[in-house]
Amino acid sequence: MAALVACTDDSKKLARSGSGFVLDAERGLVVTSASWLEGVIALELDASPIANVSLKWRFKPAGPLAFTVTANTHAREPVLCSACVSDIRCLPSVHANLTNVFVGPKDRATTTPTSNPRHLHCDLVLLSSLVILKLTIPPSCRLEQLACMPCEMHTGLTVRLVGTPFGTLCPPVFFNSVSEGCVCKAIPGGGGLFVTDARCPQGCEGGVVITNDNGSRAVVGVVLCPFSAPDGFPSGLTLCCSMATMGDILREYAPLAIPPDHLAMVANPPRGLAKRLSNTVVGIIQGSSWGTGIFLSPDVVLTCGHIVNGARATPTCTSNGLSDVTILAPPSSSLSSSSSSSAWTSYRASVMYTNGRNVPDVALLRVELLSPAKHPIGRCYLKSGACCASHPEEGGRVFAIGYGLESPANSGAVRPLCTRGVVSKVVCHHGNPRLIQTTSSVLPGMSGGLVCTEEGEGVGMIVSNSREDASGWVYPDINYCLPFSWILPHIQRFLSTRDNAHMREMETCGPEVTGLWTLQKNETESERKSKL
């Protein structure tokens, strides 16, 4: 399916490898991303506008470079071919989008177009460029070529990444390895960029993204690079470019059967289950920090206490220098017809209840509805009937939805991130779930978000991922959520009666449960800190 691309110089001191795909089997054309060629090829944009797709490029080593490509034949046997660079092309919409999103208007005046943004592992010009290689194919060899077929992409769509992890390290083991995930979100601003939680080890850059939507296998994109969290640690996410964005350029080299609007809907809002669940979560801004919340009713939002820790639990939070909590709700097609379908809605909120940073880490916000027109009519609310009756099955697939990576206040186009994983552990106390661990990637800003099953049943509220104290290393795919079966019954009784006794009952969870959330073995070892 994918191809292994490698290059070396005469001295063998320089060696790079990545992945690619066969564009035209008859003519021996292979396409890869330029992202893994940093330090090998120097690219410079012409003084002319980027829309002209004009590049100056040269090899950095003084001596010539030798390219080789390993690709599958129709007999599914890999064949090694020598190759040379036929052309390098820049994708203007990709470059413009990457510059807008990852450099930003404030930094653009002092940051060159080729600088490395903190989220990405490559400079922007290389990341926006494709390398077309011309192969010398051995006689009687027919290369395998994947067809590009129309496929409607949306958040939550299952995709597979095909590439060669670690490049030339051990191709018999790693060649054309497959990882699976889902489309997490589209990068706002156009350009056909999207993020998936399918893994991207080093060497998979340039590999293909495929899907079996509606039973037809289709190439839907190309892998660009891994995506880092703001603190520089791996996020478990992969940045990809849709085939629609590359279509105009690739058609100059091969008669691809890709309609002009192929995958152009990648930036559309999520549909189906992912859309409904995304409409359940909202962004929460408190001071300079942000997080996620879940609508329990038209005017009540559930979130984590540590998100609103700086706000007081009073009807107004403006005294003593404490700012209001702001709720940001993304556009929903089910809002009243008088509302703009693309307009975000901002609400003020006050803290009804918070347990601070204690166990369980819970807060309730009262949304201040200014007028009937501002009422979030038609939004999806989490009700008791939507929750799992007991607790999810270990190994069952779940989605995690929240505002990871980007603050919802940054742009009106920011939508929740949707990642997929499994329930790795349900920790019970006296037979009752008190902590759920999942493998979905959870990133900063997703605290207070929703964990749910593929059937749409609520599982719990995201609280945290894991970090090793000694090194600071973050594990986004080892994370924890509060089971709804524990906290929602207390919350619903409190909302019905306004009796604080119900919340105090929830707070009285005992040292054993507190020890679970602080990763301690038992009460007697409280002085022995966990390394996480």
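Residues numbered from 1 in each chain as written. Predicted model: local features only at pLDDT ≥ 70, side-chain atom pairs only at ≥ 80, totals over all residues. Heavy atoms only, no water.

Engineer: Even after reading the chapter, I still don't get the sheet that holds strand β3 (residues 29–33), so can you show me in this structure?
Structural biologist: Hydrogen bonds between backbone groups are what pair the strands of a sheet, and the pairing can be parallel or antiparallel. Read around the barrel, six strands follow the order β1-β2-β3-β8-β7-β6 and close on themselves; strand pairing throughout is antiparallel. Adjacent strand axes in the sheet meet at a mean angle of 40° when their direction is disregarded. One ladder, built from four bridges, connects strand β2 (residues 15–24) with β3; its direction is antiparallel. The partner of Asp24 across the bridge, within β3, is Leu29. (Pairing = 2+ DSSP bridges. Helix = DSSP H or I, 4+ residues; strand = E, 2+ residues; numbered from the N terminus. Axes fitted to C-alpha atoms, helices over the stretch in contact; angles between N-to-C directions.)

Engineer: Before we go on, may I ask you to explain helix α4 (residues 243–250) in this structure?
Structural biologist: Two residues of an α-helix separated by three or four positions point the same way, owing to the 3.6 residues in each turn. In terms of burial, α4 is a largely internal element, seven of the eight residues being buried. Among the residues of α4, Met243, Ala244, Thr245, Met246, Gly247, Ile249 and Leu250 are the ones counted as buried. (Buried < 20%, exposed > 50% of the residue type's maximum accessible area, 1.4 Å probe, protein only.)

Engineer: Help me understand the layout of surface pockets, please; the structure alone is not making it clear to me.
Structural biologist: A probe as big as a water molecule, rolled over the atoms, marks out the empty space that is left. In this structure, the largest pocket encloses a volume near 1,100 Å³. Taken together, 35 residues make up the lining of the largest pocket; nearest its centre are His306, Val463, Ser464, Asn465 and Arg467. Counting only elements with at least two residues in the lining of the largest pocket, the list comes to β16 (289–297), β25 (458–467), β26 (474–483) and α8 (510–517). Looking at the lining of the largest pocket, the element that brings in the most residues is β25, giving five residues. Taken together, the residues that form the lining of the largest pocket break down as 19 nonpolar, eleven polar and five charged. (1 Å grid on protein atoms, 1.4 Å probe; cavity = no way out; pocket = protein on both sides within 12 Å on 5 of 7 lines; lining within 4 Å. Points joined across faces, edges and corners; volume = space filled by probe spheres on them. Nonpolar A, V, L, I, M, F, W, Y, C, P; charged D, E, K, R; others polar.)

Engineer: When you look at the sheet that holds strand β24 (residues 450–453) in this model, what are you seeing that I'm missing?
Structural biologist: If you walk around this closed barrel you meet the six strands as β21-β22-β23-β26-β25-β24, and the pairing is antiparallel. Taking each pair of neighbouring strands and ignoring which way they run, the sheet shows an average axis angle of 40°. Pairing geometry for strand β22 (residues 417–429) and strand β23 (residues 432–438), over six bridges, is antiparallel. Paired with Lys425 across the strands is Gln437, a residue of β23. The strands touched by helix α6 (residues 484–497) are β23, β24, β25 and β26; relative to β26, the strand with the most contacts, the crossing angle is about 45°. (Contact = heavy atoms within 4.5 Å.)

Engineer: When you look at the confidence of the model for the protein chain in this model, what are you seeing that I'm missing?
Structural biologist: With 72% of its residues at a pLDDT of 70 or more, the protein chain has an overall mean of 78. Low confidence marks residues 312–323, where pLDDT is under 50. Its contacts with residues over four positions away, or in another chain, come to 23 contacts. Contacts from residues 333–341, a stretch scored under 50 in pLDDT, to residues over four places away or in other chains number eight contacts. (pLDDT = per-residue confidence, 0-100.)

Engineer: Teacher, can you tell me more about the packing of aromatic side chains here?
Structural biologist: When we look at a pair of aromatic rings, we describe it by the centre distance and by the angle of the planes. All chains considered together, the criterion is met by one aromatic pair. Ring geometry for Phe166 and Phe174: centres 5.0 Å apart, planes at 75°, overall edge-to-face. On the basis of relative accessibility, which here comes to 21%, the residue Phe174 falls in the partly exposed class. (Phe/Tyr/Trp six-rings, centres within 6.5 Å; stacked < 30°, edge-to-face > 60°.)

Engineer: Teacher, can you tell me more about the environment of Gly232 here?
Structural biologist: Within the secondary structure, Gly232 is located in the loop between β13 (218–228) and β14 (234–242). With a relative accessible area of 47%, Gly232 lands in the partly exposed category. For the pair Gly232 and Val474, spaced 242 residues apart in the sequence, the C-alpha separation amounts to 9.4 Å.

Engineer: Explain the pattern of salt bridges here, please?
Structural biologist: Pairing between side chains of opposite charge can happen when their charged atoms approach one another. A full pass over the atoms with the stated rule returns six salt bridges. With a shortest N-O distance of 2.8 Å, Arg89 and Glu252 are connected by a salt bridge. Of this pair, Arg89 sits in strand β7 (residues 78–90) while Glu252 sits in the loop between α4 and α5 (272–278), and the two are 163 residues apart along the sequence. Accessibility expressed as a relative area gives 15% for Arg89, which makes it buried. For Arg420, the salt bridge identified is with Glu180, shortest N-O distance 3.0 Å. Linking Arg420 in strand β22 with Glu180 in strand β10 (residues 177–186), this pair joins segments that are 240 residues apart in sequence. Classification of Arg420 by relative accessible area gives buried; the value is 12%. Given the relative accessible area of 33%, Glu180 is considered partly exposed. Each of Arg160, Glu180, Arg397, Arg420 and Glu454 takes part in one network of salt bridges that share partners. (Salt bridge = Lys/Arg side-chain N within 4 Å of Asp/Glu carboxyl O.)

Engineer: Where do I start with the pairing of strand β21 (residues 397–402) in this structure?
Structural biologist: The side chains of a regular strand alternate, residue by residue, between the two faces of the sheet. Of all six residues in β21, five are buried; the element is thus mostly enclosed. With six bridges connecting them, β21 and β22 associate as antiparallel partners. Note that in β22 the partner of Gly402 across the bridge is Leu417. Where β21 lies against β24, four bridges are found, and the strand directions are antiparallel. Within β24, the position partnered with Phe399 by the bridge is Cys452.

Engineer: Can you walk me through unusual backbone geometry in this structure?
Structural biologist: The phi angle of most residues is negative, glycine excepted, and most peptide bonds adopt the trans form. Omega for the peptide link from Val359 to Pro360 comes to -5°, which places this bond in the cis form. The phi dihedral of Phe166 is positive, around 65°, even though this residue is not glycine. Summarising the element assignment, Phe166 is placed in the loop between β9 (158–163) and α3 (171–174). According to the relative accessible area criterion, Phe166 is partly exposed, its value standing at 43%. Despite not being glycine, Arg498 shows a phi value in the positive range, around 55°. We classify Arg498 as partly exposed; its relative accessible area is 42%.

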